[in-house]
Structures are given as C-alpha cells and as structure tokens.
Amino acid sequence: MRLLTKNFQIAFLFLCIYPVLLSNTVFAQQSQNELLKNFTATSLNVFKLTEPKYHKYVFEKASKPWPITIEKNGDAISKVVINRAGIIEEPYEPDLAEHPAYFKDIKHRVVFIDGNFYYIKWSGGKATIKYILSENESVGKDHDEHISKIENYIQKTVAAQSEDRAEIAANQAKIDAAEALANSLKGKQVKSIALKWISDKNETGHLVKVNYGIETTLADGKILKTKNLGGKMPWDDFKITVKGGLFGEETITIAENADVIPNDNLVVNVQSKYQSTIKTTAKLPVHYNTGLHVNYFGERGGVVHLTVSAGYRGGNGKDVIVSVKATTTGNGEKVNQIEIKDASSGQVLRKLKMSPNAPLTLNLQGGSGSYGRDSTRGGNGGDGGDVTIIKDPSVTTFNYTINNQGGNGGKHENHSPYDGRKGSKGSVNLRSSSVSFGW
C-alpha cells in the first residue's frame, strides 16, 4: 500500500466501499412491498431471544414452526398474519401502504430483512427483538448485528417515506376539497333548510348542552346533511345566530341566566351563505327541569399567580341572598324564579328559572389555608358562606342543597401542632316574604 500514489489510494478506497454504499442506498429505499414481493405463505422456524447472562443473548429454536401469510392489495401488502405458536392469529398492518417500513399492531412490529422476519418491540428509535422467524435452521448469533440491521433499515426506510407521505397528503387534500365542494351548497339551488335537534328535547335547563344538525333539500330533491346527521355538508355554508344560548357548531349551551332566554325558548336562525333568502328559524322550549350547581368558593390562601406562600388564610365562601318566587314560563310551565345576590354588594349574580323539583346546589365552601413552614403556622381555612333564603308565599316546593363548609387549614410541613385551623361552617337562614324581580 505504501507504493500507491495518493490519488490511487483514494480511488482504491472508493472501489472498496462503493459496493457497501450502493448496497445501503438501495437497501434504504426498498420497502417491505419490494422485499416481500415474491413471498408466499409458509411456516417458518422460530428463534426466541433469551438472555441467560447479562447482555449475553442466545437465540433458542422453538419446537414448532409458525405459519405466516401475506394479504395483498395489488402490489401492496395490506396485512401480514402470523399464526403465533400455530394457535393465535396476529394480524399486522403496514405503517404506510405505499412504502411500508414495517408492519404493526398495538404492541409489536414485524419487519422482513435478509430473509428473516424480525418480531420486535420498538421504543425511542430502538428495537428489542423477541423472535426471529426464518426458513433456515439457524440464525446469526451476533445480537448487536441483528439490532443494527433492524434499526438502520427502519430508520432509513421511514426517512425515505417523506416524499410518499407528502404525495399522499397532497392527494388527500384534493380528495377532501372535491368532497367538500360536492357536499357544499355553493353553486347549488337550495329548496329548503331544516334544523334537526339531536339531544333529548325534554331535558333542557341552564347550561345544558343541546346538539343539533342541519339538513337541506336541493331543488333536484337531493338532501345534504351535516356530519352529525350522517352527511358531509360543511358548517361553513351557513350563517347561524342564537338567542338564549351560546353558539357552537353541533352544540349550543343554554344560557346561564333566564333573562336572556327569549320567552323561555332557545331560538336558532340558520341562513345559507350563498342564498340569503333560504333560511329557517327553530325554537326549542326550555323546560328548566335539569339540576344546576352554582359555585362561589373561597380562594385558597397565599396564592399569587402559580406560587403559594406559607401561612395565609383561605378566602371565605361568598355570602348570598337567594330569593325565590313561583311563576309560569312563556310555554305555560310552572317554575321557580330564582335570583342570587351578593349579600355584601347587592350585586345580582344569577337569574334562574327551575322546575320546583329540579335540584339547585349552592357550593359556598371556604378556601383552604396555605401550608406552614419553619416557624410559620399553616393558614386557617376560610369560613363557609352565609346564605339567606327568602321564599315568596307562592313557592310550594324548592329543591335545594347548600354546601358551605369551612375550608381546611393548611398543614405544616413538619409539625402538626402548627397546622392551620379549619374554617367555620356558614349559616343558613330561611325567611318567608313577598318577593319581586325586575326581570
């Protein structure tokens, strides 16, 4: 070698490694479809990996071969089925049909390399061999060589998939656009629009979520539906406005306050964006027959942004006045009209209507005290809120529960005698008096 010129040495070295480079390049580009194109169903010897000593791996041949079959869709392999121990069928699907790097189920992968099927687990770019399936009577003993071969193949083939994935995504985008246009009202003559309630129309109350879909009839009689009704018509084809609730595609949330629900109905207007004269209005009576939780918890002591300081008392639950009177809704149903006020400021917090038997739960617990540390005691818990209930004589039934326990005291990190005290339970006062509201 010393007699060779520098250029000749380089050329000689290139000639030596070129077959290796060529082999690796071609290898990385070959998918499982190509590597298995001539494979036919057969039974293969099974070699189980064991580790009798630390990092001393041995491949032990199983007593029975395992049948393995391949299903195809054209030239692409759609499924590899291993009949594990001749008893359990395990189907594996390609990771990418057009250019598979491996076949997978929930737990394992199967990949065919150099005449062997490797049955592996894959995590963090690393392979763990469980079995090797081969038509040979033995397999190579070098465990690291098998691992290197598997990891190199999968990583390079997955990298080679990027172009295929981009092409697939582009084709799918074209299909989606064509499908959206075919199911859109754009450019079509629409005869009518109908709103279809999907939720139970008999269970309606404050903050209840109501599901709905839209169905249109075209001039030629064809019917298009939104996805939640079994169609593919886009929601973007419509201008939708809601009164008495918070709008959402597919779901409307009934308002938390009764005074914004027009005549006790949820009202939804739907209009075609492409033909403004094509529209519909749907009303859903609100029965106010569902339960409701109203929460005014005291804050935890010592909280500033995301940090908590030691030794701070929890906040008190809010003191409230709950006024109740009987009334009749615009739909002729008997309900309780309920107003919740802040007892300190007089601010009206909630305006509700509820059927007499629908349960109203008021949660007014005090906040927890913050922890204690060193010589700082744990913060005491805040007190529960005081509640005054004023019932109009018209009220016959009012189904309510009040949770106004005091907050827990903060625990000291090391000394339980320095724990904070639990807050006091709030009071509940019930009065009977004439009630009137301005709404």
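Conventions we followed
Residues numbered from 1 in each chain as written. Predicted model: local features only at pLDDT ≥ 70, side-chain atom pairs only at ≥ 80, totals over all residues. Heavy atoms only, no water. Pairing = 2+ DSSP bridges. Helix = DSSP H or I, 4+ residues; strand = E, 2+ residues; numbered from the N terminus. pLDDT = per-residue confidence, 0-100. Contact = heavy atoms within 4.5 Å. Polar contact = N/O pair within 3.5 Å; in protein donor to acceptor, adjacent residues only side chain to side chain. Axes fitted to C-alpha atoms, helices over the stretch in contact; angles between N-to-C directions. Buried < 20%, exposed > 50% of the residue type's maximum accessible area, 1.4 Å probe, protein only. Salt bridge = Lys/Arg side-chain N within 4 Å of Asp/Glu carboxyl O. Phe/Tyr/Trp six-rings, centres within 6.5 Å; stacked < 30°, edge-to-face > 60°. Lys NZ or Arg CZ within 6 Å of the ring centre and 35° of its normal.

1. Some words on the pairing of strand β21 (residues 320-328)
As paired elements, β21 and strand β22 (residues 334-342) share nine bridges and run antiparallel to each other. Its bridge partner being in β22, serine 323 is matched across the sheet by glutamate 339. Between β21 and the antiparallel strand that follows it, β22, lie five residues; glycine 332 among them carries a positive phi value of about 80°. Here five bridges tie β21 to strand β25 (residues 387-391), and the two strands are oriented parallel to one another. Looking at the pairing, isoleucine 321 lines up with threonine 388 of β25.

2. Focus: the confidence of the model for the protein chain
When pLDDT is averaged across the protein chain, the result is 91; 93% of the residues are at 70 or more. Confidence drops under a pLDDT of 50 for residues 1-28, and excluding neighbours within four residues, the segment shows nine contacts in the predicted structure.

3. Some details on the environment of asparagine 404
Positionally, asparagine 404 belongs in the loop between β26 (400-403) and β27 (428-432). Residues asparagine 404 and aspartate 164, 240 residues apart in the sequence, show an inter-C-alpha distance of 62 Å. Contacts of asparagine 404, omitting those with residues within four sequence positions, involve Leu364, Gln365, Gly384, Gly385, Val387, Ser424, Lys425, Gly426, Ser427 and Val428. In terms of polar contacts, asparagine 404 uses its side chain to reach the backbone carbonyl oxygen of serine 427, at 3.4 Å.

4. Structural notes on the sheet that holds β21
As a general point, the strands of a sheet are linked pairwise by backbone hydrogen bonds and lie either parallel or antiparallel. Strand order in the open sheet formed by five strands is β23-β22-β21-β25-β27, and the pairing between neighbours is mixed. The sheet is open, and its two borders are formed by β23 (348-354) and β27, each paired with just one other strand. Each adjacent strand pair in this sheet contributes to an overall mean axis angle of 20°, direction not counted.

5. Examining the side chain of glutamine 32
Within the secondary structure, glutamine 32 sits in helix α2 (residues 32-35). Under the relative-accessibility criterion, glutamine 32 is labelled buried at 0%. Ignoring anything within four residues of it in the chain, the contact list for glutamine 32 reads Ile77, Pro100, Ala101, Tyr102, Phe103, Val111, Phe112 and Tyr153.

6. Remarks on the pattern of salt bridges
Under the counting rule described, the total for this entry stands at 10 salt bridges. A salt bridge links lysine 149 to aspartate 114, with the shortest nitrogen-to-oxygen separation between them at 3.1 Å. Of this pair, lysine 149 sits in helix α3 (residues 143-183) while aspartate 114 sits in the loop between β7 (109-113) and β8 (116-123); the two residues are 35 residues apart in sequence, bridging distant segments of the chain. A relative accessible area of 23% means that lysine 149 is categorised as partly exposed. Overall, aspartate 114 belongs to the exposed group, its relative accessible area being 54%.

7. As for the pairing of β23
As judged from the six bridges shared by β22 and β23, these two strands associate in the antiparallel manner. The residue of β23 that forms the bridge with glutamine 337 is lysine 353. Here β22 hands over to β23 after five residues, with glycine 346 in that stretch at a positive phi of 80°.

8. Structural notes on the packing of aromatic side chains
Within this structure, the stated rule accounts for nine aromatic pairs. On the numbers, 5.3 Å between centres and 75° between planes, the contact of phenylalanine 39 with phenylalanine 117 is edge-to-face. In this pair, phenylalanine 39 is assigned in the loop between α2 and β1 (42-53) and phenylalanine 117 in strand β8, connecting sequence segments 78 residues apart. The same class applies to phenylalanine 39 and to phenylalanine 117, which are both buried. Between tyrosine 92 and tyrosine 119, the ring centres sit 6.1 Å apart and the planes meet at 75°, which makes this aromatic pair edge-to-face. Of the two residues, tyrosine 92 is situated in strand β5 (residues 88-94) and tyrosine 119 in strand β8; the sequence distance between them amounts to 27 residues. As far as the burial class goes, tyrosine 92 and tyrosine 119 line up, both buried. Site record: aromatic cluster; members linked through ring pairs are Trp66, Tyr92, Tyr119 and Tyr131. The cationic tip of arginine 109 hangs over the ring face of tyrosine 102; the distance from NZ or CZ to the ring centre is 3.8 Å.

9. Comments concerning the sheet that holds strand β13 (residues 238-243)
One open sheet accounts for three strands, arranged β13-β16-β17; its pairing is antiparallel. On the outer flanks of this sheet lie β13 and β17 (279-285), each paired with one strand and no other. Across this sheet, the average inter-strand angle for adjacent strands is 15°, counted without regard to direction. Pairing geometry for strand β16 (residues 265-272) and β17, over seven bridges, is antiparallel. Residue valine 268 lies in a different strand from β17, and its bridge partner there is alanine 282.

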